[in-house]
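Residue-level listing of the chains:
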Amino acid sequence: MSTRRGFLKTAGLMTAAAALWQPSDLFAKDPVSKGGSKKLELAWEDFKGIMKFTFHISGSSRTFTPIVITRITWDGHVGYGEAAMPPYLGETQASCHEFYKKVVSDVFPKFDNPFQIEDIMKAVDKLTTNNTAAKASIDIALHDLCGNIMGQPWWKMWGFDAKKAPYTCYTIGYDESDEKLQEKLEEANWNKIIKVKLGMTEKEDKRMIDFIRARDNRNIVVDANQGWPDKYYALDMIHWLKEKGVTMIEQPMSKYNLDETAWVTERSPLPVMADESCQRIYDIPKLKGAFTGINIKLMKCTGLYEARQMITMAEQNHMKLMVGCMTETSVAISAAAQISPKMEWADLDGNYLLGNDCFNGMKLVDGRITLEDKPGLGLSKKPGIIKL
Ligand code: MG
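Residue indices begin from 1 for each chain and proceed along its sequence in written order. Local features are withheld for residues below a pLDDT of 70 in this predicted model, meaning they are given only at 70 or higher, and side-chain atom pairs are given and counted only at 80 or more; totals for whole chains, interfaces and linings count all residues. To obtain the side-chain values, all non-hydrogen atoms of the structure were used and water was disregarded.

1. So, the sheet that holds strand β10 (residues 320-324)
Move 1: Two strands qualify as a pair provided DSSP detects at least 2 bridges between them. The helix and strand labels rest on DSSP assignments: H or I over at least four residues marks a helix, E over at least two residues marks a strand, and numbering proceeds from the N terminus. If you trace the eight strands from one edge of the open sheet to the other, you get β4-β5-β6-β7-β8-β9-β10-β11, paired in parallel fashion. Looking along the sheet, the strands with just one partner apiece sit at the ends: β4 (169-172) and β11 (345-346).
Move 2: The pairing of strand β9 (residues 293-297) with β10 spans five bridges and is parallel. Note that in β10 the partner of Asn295 across the bridge is Met322.

Right, dumping it as structure tokens:
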């Protein structure tokens, strides 16, 4: 009887509790609600990222990078994103503006929940064929926003180990002046890995490496930026570079020349990574065998949502992973840093190459990426640089 009495008592209490509880209570007590508009709202502001040094790579040189900073607000919460657009990739601040107008009119009205990142990004991606940096700026802002709402960083929510975050490379562009090269080496003296941009003439490429090696015993990786003319030349250069202590080669030949690249990779004593050949996830299947691995850049692949899928696909195909960047502010660099524990190499020095970064974000400590326990992408705006 006592058991039955106990049951009846418990059942009675449960009924009373059910009568008191209303579904709306859940929403009213939502600890993250700030009571703002439940519409996704997008704003943007142009930014000119001024480089500390004139940047020379095979085929071009420049002193600044056009950037657009985006901001998405929802329910009083805020997330920031970024489109960084080296001119050779074809996007401009004006093309971003046009794209954002389409996002505002055609995509955001269909969603009232920023956590639907997959569906939102699929709809954003369908708007146009290209505009990958503009798309990435939406993706990055959504991740920052949702991470801020959750009060957690993404590397943690994805289950990554912050201790596995790698050292970053620091990029030294081509320079014909020995004094300038020396200056760049000194600017990078805090860093453990130097990435040297090659792909000029054989004489100039070898001069750069000899100059650096004579003064510096740090780990060197090389990015040829598609600059080497054929497979025989590329393989000879790779053997010469290995003797100089170089440990990795990025994009030796034209992005279209996969057959010759496969020939080189098969014989190369160093890993050969795809950069220009690997833009988006659907490039990966055709790169298997042609390259040892892929360099993922958020501005090419439309952001973290697709980058995470690329990581999985590359791992399934036993390909090595690298994360890279354009010259970007701490907004996009801090986004890319979230996936860095999965990477063998990281080239996330973009914010350090800028003289006028507008945000605080991911910090390097002795050249190593550090992932802090801060919500979202861990960003804070520097005062007085942008209005957004
Ligand atoms: Mg590259």
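2. Section: the packing of aromatic side chains
Move 1: Between 30 and 60 degrees the pair is tilted, below 30 it is stacked and above 60 it is edge-to-face, where a pair is any two Phe, Tyr or Trp rings, Trp via its six-membered ring, whose centres lie within 6.5 Å. The tally for this structure, following the rule as stated, stands at eight aromatic pairs.
Move 2: Between the aromatic rings of Trp44 and Tyr100, the centroid separation amounts to 5.1 Å while the plane-to-plane angle is 45°, which identifies the pairing as tilted. On the criterion of sequence distance, the pair formed by Trp44 in strand β1 (residues 41-57) and Tyr100 in helix α3 (residues 93-107) is long-range, its members being 56 residues apart.
Move 3: Relative accessibility thresholds used throughout: buried, under 20% of the residue-type maximum; exposed, over 50%; partly exposed, between the two (1.4 Å probe, protein chains only). Residue Trp44 is classed as partly exposed on the basis of its relative accessible area of 27%.
Move 4: Taken together, a centroid distance of 5.9 Å and an interplanar angle of 50° make the contact between Trp158 and Phe160 tilted. The same class applies to Trp158 as to Phe160, namely buried.
Move 5: Clustering of aromatic rings is evident, with ring pairs tying together Trp154, Trp158 and Phe160.
Move 6: The residue whose ring lies beneath Lys48 is Phe64, and the NZ or CZ to ring-centre distance is 4.4 Å. Only lysine NZ and arginine CZ atoms are considered, and such an atom sits over a ring when it is within 6 Å of the ring centre and within 35 degrees of the ring normal.

3. Some details on the environment of Leu348
Move 1: Summarising the element assignment, Leu348 is placed in the loop between β11 and α15 (350-353).
Move 2: The class of Leu348 is buried, set by a relative accessible area of 0%.
Move 3: Leu348 sits 146 residues away from Glu202 along the chain, and the two C-alpha atoms are 27 Å apart.
Move 4: Look past the residues within four positions of Leu348 in its chain and what remains in contact with it is Thr168, Val323, Gly324, Cys325, Ile333, Ala336, Ala337, Met362, Leu364 and Ile369. Only heavy atoms enter the contact rule, under which two residues are in contact if any of them lie within 4.5 Å.

4. Some thoughts on the domain arrangement of the protein chain
Move 1: Here the protein chain is described as being made up of domain 1 (38-151) and domain 2 (155-381).
Move 2: Domain delimitation in this document rests on an assignment produced automatically or drawn from a domain database. If you average the C-alpha positions of domain 1 and of domain 2, the two centres end up 22 Å apart.
Move 3: Contact with domain 1, which involves 41 residues of that partner, is made by 44 residues of domain 2.
Move 4: Taking both sides of the interface into account, the surface hidden between domain 1 and domain 2 amounts to around 3300 Å²; carbon and sulfur atoms contribute 66%.
Move 5: For this analysis, a salt bridge means a side-chain nitrogen from Lys or Arg found within 4 Å of a carboxyl oxygen belonging to Asp or Glu. There are two salt bridges connecting domain 1 and domain 2.
Move 6: Among the ionic pairs, Lys52 bridges to Glu187, the shortest N-O distance being 3.4 Å.
Move 7: As used in this structure description, the phrase polar contact means that two N or O atoms lie within 3.5 Å; if the pair is within protein, one of them must be able to donate a hydrogen and the other to accept it, and residues adjacent in sequence are counted only when both atoms belong to side chains. Counting across the interface, domain 1 meets domain 2 through 17 residue pairs in polar contact (both at pLDDT 80 or more). In this description, buried area is defined as the sum, over both parts, of the accessible area (probe of 1.4 Å) that is lost when the two are combined.

5. Details of the pairing of strand β7 (residues 246-250)
Move 1: Burial of β7 is extensive: four of the five residues sit out of reach of the surface.
Move 2: Throughout, right-handed denotes a crossover for which the path from the first strand over the helix to the second runs clockwise when the strands point away from the viewer. Handedness of the crossover is the feature at issue here: the chain leaves strand β6 (residues 219-223), passes through helix α9 (residues 231-243), returns alongside β7, and the resulting connection is right-handed.
Move 3: Here two bridges tie β7 to strand β8 (residues 272-274), and the two strands are oriented parallel to one another. Paired with Glu250 across the two strands is Met273, which belongs to β8.
Move 4: Remark: the β7/helix α10 (residues 258-267)/β8 crossover connection has right-handed handedness.

6. Considerations on the coordination of the magnesium ion
Move 1: Each metal site is built from N, O and S donor atoms within 2.8 Å (3.2 Å for Na, K and Ca), and since water is not included, such sites may look incomplete. Donor atoms from the polypeptide that coordinate the magnesium ion comprise Asp223 (OD), Glu250 (OE) and Asp275 (OD), at 2.1 to 2.2 Å from the metal.
Move 2: Counting gaps between the donor residues of the magnesium ion yields the pattern D-x26-E-x24-D. Taken together, the residues span a long stretch of sequence, with Asp223 in strand β6 and Glu250 in strand β7 at a distance of 27 residues. For the pair formed by Asp223 and Glu250, the shared burial category is buried.

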